[in-house]
Structures are given as structure tokens and as C-alpha cells.
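Summary of structural features
Listed below are the residues making up each chain.
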Amino acid sequence: MSDQPRDTIESLFQEKRIFPPPAGFAAQAQIQKAEYERLMTLAQTDYEGFWAEQARAELQWVQPFTQILNASNAPHYQWFEDGLLNVSANCIDRHLPERADQAAILFEGEPGDLRRITYAELLVEVSRFANALRSRGIKKGDRVVLYMPMVPEAVIAMQACARIGAIHSVVFGGFSGDSLRDRIIDAEAAAVVTADGGHRGGRVIELKAVCDHIIDDCPSVHTVFVLKRTGHSVRWNPARDVWWHEITAQVSADCPPLALGAEHPLFLLYTSGSTGRPKGIQHSSAGYLLGTILTMRWVFDIRPGDVFWCTADVGWITGHSYVAYGPLAAGTTLLMYEGAPMIPDPGRYWQMCERHKVSVFYTAPTAIRALKKQGDEYPARYDLSALRLLGSVGEPINPEAWMWYHTHIGHDQCPIVDTWWQTETGIHMIAPVPGVSTLKPGSCGRPLPGIMADIVDNQGHPVCAPDQGGFLVITRPWPSMLRTVWRNPQRYIDTYWKMFDNRYYISGDGARRDADGYYWVMGRVDDVLKVSGHRLGTMEIESALVAHPRVAEAAVVGRPDELTGEAICAFVVARGARPVGPDAQALTQELRQWVGEHIGPIAKPATIRYADNLPKTRSGKIMRRVLRAVAAGHPVTEDTSTLENPDIIRQLQGD
Ligand code: WTA
């Protein structure tokens, strides 16, 4: 994190529009002003008491906790340590007395197939799959990797793991075999759950085939559960592969939830950092679940009768907290969609909002920008009157995209909750409480009750003056925070705590706070890229490039992109002569393909430039800020006298 925070949204200084909560919305809101103020004050005056009150009120415990926060091994914090509970029972069983027949999951496949699964049916499905896992010897603490399409069985498998204390690790279905293999090996997974395929973007993604390619490199895996989704034929290894529908038919539909310690790991989710391989972010059971329930109410204002649609894939944290866990724990009806937003046309999301009477809709700025570009006529074709709240996540939302979302989707009636959070934080951290907060387009508002955020300078001193940029940090532990990096506690400390002597959790984002206390996130301060809202480590892409026989050296930076937020720009030094003309074009195609195969299509560089060398300091460090300026087409204002090879800049710019 040697670079200064990058201000990617300078224009926001001009943003003056404000949107108070509509009176009708505020009057019905779950959290109204008095309650919001009570929560804020309680959290300030009695921090642990505040969280204990929430944990007692919101979770069903098998054995109540007596300890709140254990900081004796800080920054490895523990919450509600001696309590026992089961996450899946808190998401499903608890609702049966009141809402057995309410839809838990509404599903729409990309080809248009529909399903409705009630809470009572969900319990049966989850219990059966939990017993199926057990029948193959999966037990508490074992890791299970999911490589699934966005179908209800993905959520069922996650919940089934939670039911028996197995630790799931979902790998996004768009990742390549190499990425899948690395994660399986790091987690030492005993089983993989996949499907014969899934529908995405009008094509079938052959998940089982990808799995087959790498599974022999993963000796820890003894079972691969295969869901039949597409009906495409798949290769079969009878010793290892079992069909979901066959094994679940052979086991009991009754699986009592296992009582687990509050700190029992619920899941690992691998995420990119600026250096090294992806990190297995480890989350807890009770603290994590508590945060998801609270934010469903505080931020999404969930009310009886809602249909909640979060468009994120279960392969990302958003699909964990606001697809697989939060909505069920809050007892709402969750809509899941398998496919892409433009299939068969750019009206798909809005048509689905109409068809399923979606009331709360949560998506990413990249989707909003892409749909906005398609024209206002698509949303105008559909009845969006059931919508009452909109949300955004993944990257800063530009005020223009915010305004379009507000006008054309929300018809000026729906507050927009711009939620800042991370894989590591587990839940929304800085976000509006929609019945209370006045909104400013482009700002994610103020920290939620019980979340102590701040902005600090390089020395770790709080930045008090308004609108001064700095590092966004969290100054006190919170229940849904990550617990560690899987099997690498040192990396946990080094990445998130060390820079300021373990005093704060370091988010890796730069931000400023305005005179009203509103936060404006300015993007990453490290070299992590945000492409279409997904986190990609430059290091992973560089390693993939360098693994190609013709590449000697590579550096990857982001450049601002209207649609995807950031686009990947690679600078490559080839072995031998610098490729030019048709040779360069062919190599570019080959390298893009190569990165797609090694990491996944989302990691393909948008542009590749070839040079004889990369701009480096005399100590050999690549000057990324210079590369960023070149990639963005900006003049290089950097003092290049410290470069070992200043002439290289002209070559980089010349192409
Ligand atoms: C960025 C996604 C601005 C930020 C939940 C963060 C945002 C990273 C916002 C985490 C937002 C997420 N405004 N930036 N509302 N939400 N970010 O782990 O840079 O995939 O650090 O989690 O996304 O990405 P992750």
C-alpha cells in the first residue's frame, strides 16, 4: 500500500443533490428515527452491551452465550464464544411455525423455467442434502467446495453444510479450472459440489467438465456431487462422482441441526489481494449471521410480504450474505436468477421485477451502467410499482448512474441504499438506513450502528478536516468481521492490521468524509482492481501472463472504464524482440485467451501493450502510478527522474 489513495471520483466534490426519505416510506420503515438514535447512542455508550442485546434478540441459541467479546488474542477477536447455535436452524427451522408455506426461494432459470420453494420444502431439501453429505463421510469441520450455477441447490448446499458444521467454500462458476484447483487445494476440501452445467449469457457453462480437468490434482477430494441442471452428458467416475438426485433420494429427509460453537467457521471465501495468491477469508457462525440479519432490517428495511432480489452470484460475498443467509434468516422471500441481465434482451431484470413483484432490488453499479446504456425504453415497458427500495454494491456508484436508477427504476419513489462493505467485513458497514437517512448520490452515507469507522492518514492519525482523503479503517472489532485468513494467521495480521500496529482494521480503501459525516469511497489504495464490481488481484493476472512462454515480464493496472468501472490494462515485455504489427495482435489474442483459461473470462485484459521494459525505480520496483497514467491516456506528471529507465515511458505511450 505504498501508493497514496487514488481519487477516482474527483467530480463528486460538486455533488450537491440530496434526497430525504419519502414521508410515506419513513412512516412505515422498520427503523425509524427514534430507534436509530437509540441504537447509535447505545453503541457509543455501551459497545459490547449493544452487540449482546442484538445477539440475544436476533439469534436462536441452543445454549446462550455469557461472554461477549474476547480480545485476549487480538486482532483475532472472538464473539459470543461460549454460545451454541446452528446457522441453518436460524435460517429455516425457526420460521416453520409462522411461515412454512411462504416462499423461501423463487427461482427463474435463464431459459425461463420457474420454481417456488417454501420454507417447509427448503427444510426437507437442505436436510436431505445434509444427510447426503454425511452419507459420504463429510463431518463437522470438513471443507466442501461448491462450483455451482445460480440455482436453488447452491443455497441448499451451503445451508446443508451449515447444518452439519461442514465449512463451505464457494468458487464462482466463472472461474477457470486453475482457480478452482488452487482453492480446493488450499482448503483441502473433502468434497466438491457441482452441476452438469448452468445457463449463462445464452450459453451453457460446463462446470463438471472444468472440474474433471483438475480434480485428479486434488487428492483431498473423495466425492464430487453433481446436480443435473442442463442434462448435457458428462464424464463419470463411479468411485468419486455421485448424482445429487440419486443420493438425496436414498437418505432421510430429517437431519437435526448440529449445535455448534458461535465461532465455528461457517465458510471460507477466497478473495484477491494485491500480492500473492487469493486468501481464504474465514467467517464465523454467530457473529456473521447476526450481522446479516441486522442489515437485512436496518438497510434493506425488510417487511412482511417483501420479495427481495439480490442479483449477485453465490460465488461472491454479496451472494453469501444477501442471497444464501441474510434473506432466509430474516424470513423473507428471496428471488434467485440463474443468468445474465441481457438475455434475451436488456429488459430481463425489469420483466422479472414485474413478474415476481420484487419490492427490494439490490445490484451493482456495473449492471446499472450497462442497462442504462441500453436505453430508457426497457424499464419503461414494465410495471415496476412493487419496488420500494433499491440498493447498490461493489464499487462507487457514479452520481449519473445513481440518478438514472432513481428516476427510471425507482420512479423517484424508492430510496437507494449505496452499501459499502467487503468480503472481509461480512456485512454492510457504511450504508444509509432508508427510513432515516438523507441520501447523497455517490456517497454511501454514514457507518451503521455499532460500526466504528474512521479516516486516517499515513501515520494512522484520524483525519478530522472535512473532505480530506485518507485510509478508511474500522476502529473497533465487530461480530461479523473475518476471523482470519485460512491457515495463515500471519497474512491476516500483515494484510489488515500491521500497518497501524493492530489498532485498526484496514480496509484497503481510500475515502473522505464530508462536513455532514458522509463517507465518499474513492477506491482501492492498493493494486486490487475492481472490474464489473469484482475484485481481481493484479498479481494473479501478472502471474498468469508470465506463465505464458512468450512473456518475460508483465504489469497490470486498471484504467477507468465507463461500463466496467475499471478495465484491465496489461504491459508486457516479451521474450526476444518486442512484438509489433500482426504479431502483436496475434499475441494479444492469445494472451487474453490464456488469462481467461487460467483465471477466468473476467480477468482477460482489455488492452495489452508491449514494451522493451517496464518503468522501474532504481531498486527495481515497477512504478505503477506511471503505468496507470499511461493506461488512462493521462500525461505522466510523476517525477520520472527516480526511474532507472525514463525513456521507456515514451515507448509505452507511443503505441
Ligand atoms: C468496493 C463487495 C464504493 C471497495 C461487497 C471495497 C465499494 C471492495 C462499495 C470490496 C460501495 C464495495 N461504494 N466502493 N458501495 N461496495 N466497494 O470484497 O473498494 O468484492 O473494498 O466485496 O469493493 O469488494 P468485495
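All figures in this text were calculated on a predicted structure; none of them were measured in a lab.

Our next topic: the sheet that holds strand S20 (residues 416-419). Spatial ordering of the open sheet is given by S5-S4-S17-S16-S18-S19-S20, a layout of 7 strands whose pairing is mixed. Only two strands of the sheet have a single neighbouring strand rather than two, namely strand S5 (114-118) and S20. Strand-to-strand, the axes of this sheet are offset by a mean angle of 20 degrees, without reference to chain direction. In this sheet, strand S18 (residues 360-363) lies alongside strand S16 (residues 307-310) in parallel orientation, the contact comprising 3 bridges. Bridge assignment links Trp309 to a residue of S18, and that residue is Phe361.

In contact at an axis separation of 9 Å, helix H8 (residues 177-187) and helix H9 (residues 207-214) are set at 60 degrees when each is read in the N-to-C sense. Considered as vectors, H8 and H9 are oriented oblique to each other. For the element pair H8 and H9, the recorded crossing hand is right-handed. Note on element contacts: H9 touches H8 through Val210, Cys211 and Ile214, opposite Gly177, Asp178, Leu180, Arg181 and Ile184.

The next subject is helix H2 (residues 33-45). Given a rise of 1.5 Å per residue, 13 residues ought to cover 18 Å, and the 18 Å separating the end C-alpha atoms of H2 matches this to within 8%. For H2, every residue scored as buried is listed here: Tyr36, Leu39, Leu42 and Ala43. All buried residues of H2 project into a common sector of 135 degrees when viewed along the axis, lining one side. Opposite the buried face of H2, at more than 90 degrees from it, the exposed residues are Lys33, Ala34, Gln44 and Thr45.

Right, let's talk about the site of the ligand for a bit. Lining the immediate surroundings of the ligand are 17 residues, of which Asp418, Thr419, Thr423, Lys530 and Arg535 lie closest. Separating a nitrogen atom of the ligand from a side-chain N or O atom of Asp418 is a distance of 2.7 Å. Gln422 places a side-chain nitrogen or oxygen 2.9 Å from an oxygen atom of the ligand. In the complex, 97% of the free accessible area of the ligand, which totals 530 Å², lies under the protein chains. Among the secondary structure elements, those contributing two or more residues to the shell around the ligand are helix H12 (317-329), S20 and strand S25 (519-524). Here the shell around the ligand is composed, by residue class, of 6 nonpolar, 5 polar and 6 charged.

Time to look at the packing of aromatic side chains. Evaluation of the coordinates by the stated rule reveals 38 aromatic pairs. Both rings, one in Phe50 and one in Trp51, keep their centres 5.0 Å apart while their planes meet at 80 degrees; by these two values the pair is edge-to-face. For Phe50, a relative accessible area of 0% puts it in the buried group. A relative accessible area of 2% means that Trp51 is categorised as buried. With a centroid separation of 6.2 Å and an interplanar angle of 70 degrees, the aromatic rings of Trp61 and Phe80 are classed as edge-to-face. With Trp61 in the loop between helix H3 (47-58) and strand S1 (69-70) and Phe80 in the loop between strand S2 (78-79) and strand S3 (84-85), this residue pair connects regions lying 19 residues apart in the sequence. Like Trp61, the residue Phe80 is buried in the burial classification. These aromatic residues form a ring-pair network of at least three members: Tyr47, Phe50, Trp51, Trp61, Phe65, Trp79, Phe80 and Trp298. In this structure, Lys228 packs its charged tip against the face of Trp243, placed 4.8 Å from the ring centre.

By size, the foremost hydrophobic cluster in this structure holds 164 residues, and its most contacted members are Trp51, Phe80, Phe129, Ile184, Phe300, Tyr325 and Ile541. Tallying contributions element by element places helix H7 (residues 152-164) first for this core, with 9 residues. Each of domain 1 (24-340 + 419-511) and domain 2 (528-654) accounts for three or more of the residues forming this core. Contacts of Phe129, omitting those with residues within four sequence positions, involve Ile156, Ala157, Ala160, Val193, Phe225, Trp244 and Thr248. Leu106, Leu390, Trp404 and Tyr405 belong to the second-largest nonpolar core, a separate cluster that totals 30 residues.

The rules behind these values
Residues numbered from 1 in each chain as written. Predicted model: local features only at pLDDT ≥ 70, side-chain atom pairs only at ≥ 80, totals over all residues. Heavy atoms only, no water. Pairing = 2+ DSSP bridges. Helix = DSSP H or I, 4+ residues; strand = E, 2+ residues; numbered from the N terminus. Axes fitted to C-alpha atoms, helices over the stretch in contact; angles between N-to-C directions. Parallel < 35°, antiparallel > 145°, perpendicular 65-115°, else oblique. Left-handed = near helix turned anticlockwise from the far one by under 90°. Contact = heavy atoms within 4.5 Å. Expected span 1.5 Å × (residues − 1). Buried < 20%, exposed > 50% of the residue type's maximum accessible area, 1.4 Å probe, protein only. Arc of directions from axis to C-beta. Near = heavy atom within 4 Å. Polar contact = N/O pair within 3.5 Å; in protein donor to acceptor, adjacent residues only side chain to side chain. Areas by Shrake-Rupley, 256 points an atom, 1.4 Å probe, with all protein chains shown as cover. Nonpolar A, V, L, I, M, F, W, Y, C, P; charged D, E, K, R; others polar. Phe/Tyr/Trp six-rings, centres within 6.5 Å; stacked < 30°, edge-to-face > 60°. Lys NZ or Arg CZ within 6 Å of the ring centre and 35° of its normal. Core = buried A, V, L, I, M, F, W, Y, C linked by side-chain atoms within 4.5 Å. Domains from an automatic or database assignment.

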